[in-house]
Structures are given as C-alpha cells and as structure tokens.
Amino acid sequence: ILIGHIVWSGSVALILYGFFLGGLFHLFVIYYEEPHLTNRFGESYRAYLNRIPRWFPRFKANGKKGE
C-alpha cells in the first residue's frame, strides 16, 4: 500500500518514510525473528537460512527449479 501511495503522490517525505520503515522491518527480522526461529528450530532453520535468500529471490541461469 505504501509503495502504491508513493508512486501515486510522488512525495519525497513518503519515499524517506518508506526507506525508514523498510529498515525497521529489516532490523526486526535480523535481531528478533531469525534468532527466535533459530532457537526454536535449530539446525534445520540454519540450513534453511543458507538455502533461501532473505529478501530477493535468486534465479538460476539454466531455468531449472529446485536445484
């Protein structure tokens, strides 16, 4: 919703607010969510973190899924 509002209004203040909010989300994930899930699920969650990127997907050059 915020991204749509930024595009619609073109407000610099909303762009700065969006970056600020995104930074807060990132810090929450890094310092609360990931340690909590690591404590709860242990090594399987650590393996998941190593396989899956945090925010942006990785695309394979050969187009194969799941490898």
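Residues numbered from 1 in each chain as written. Predicted model: local features only at pLDDT ≥ 70, side-chain atom pairs only at ≥ 80, totals over all residues. Heavy atoms only, no water.

### Side note on helix α2 (residues 12–41)
The first and last C-alpha atoms of α2 sit 41 Å apart over 30 residues, in line with the 44 Å expected at 1.5 Å per residue. If you look at α2, its biggest bend is around 40 degrees, right at Val29. Of all the residues in α2, the buried ones are Gly18, Val29, Glu34 and Thr38. Against the buried residues of α2 lie α1 (2–9) and α3 (43–51). The opening residue of α2, the one whose side-chain oxygen lies 3.3 Å from the backbone nitrogen of Ala13, is Ser11. Immediately beyond the C-terminal end of α2, within one or two residues, lies Gly42, with a positive phi of roughly 65 degrees. (Helix = DSSP H or I, 4+ residues; strand = E, 2+ residues; numbered from the N terminus. Expected span 1.5 Å × (residues − 1). Bend = angle between axes of the 7 residues up to and from the residue. Buried < 20%, exposed > 50% of the residue type's maximum accessible area, 1.4 Å probe, protein only. Contact = heavy atoms within 4.5 Å. Polar contact = N/O pair within 3.5 Å; in protein donor to acceptor, adjacent residues only side chain to side chain.)

### Looking at the pattern of salt bridges
Scanning the model with the defined rule gives 2 salt bridges in all. Two residues, Glu34 and Arg54, come together in a salt bridge whose shortest N-O distance is 2.9 Å. Of this pair, Glu34 sits in helix α2 while Arg54 sits in the segment after α3; the two residues are 20 residues apart in sequence, bridging distant segments of the chain. One salt bridge in this structure joins Glu43 and Arg46, with 3.5 Å as the shortest N-O distance. In this pair, Glu43 and Arg46 are both assigned in helix α3, 3 residues apart and thus about one turn of the helix distant. (Salt bridge = Lys/Arg side-chain N within 4 Å of Asp/Glu carboxyl O.)

Nothing here speaks to function; it is geometry throughout.
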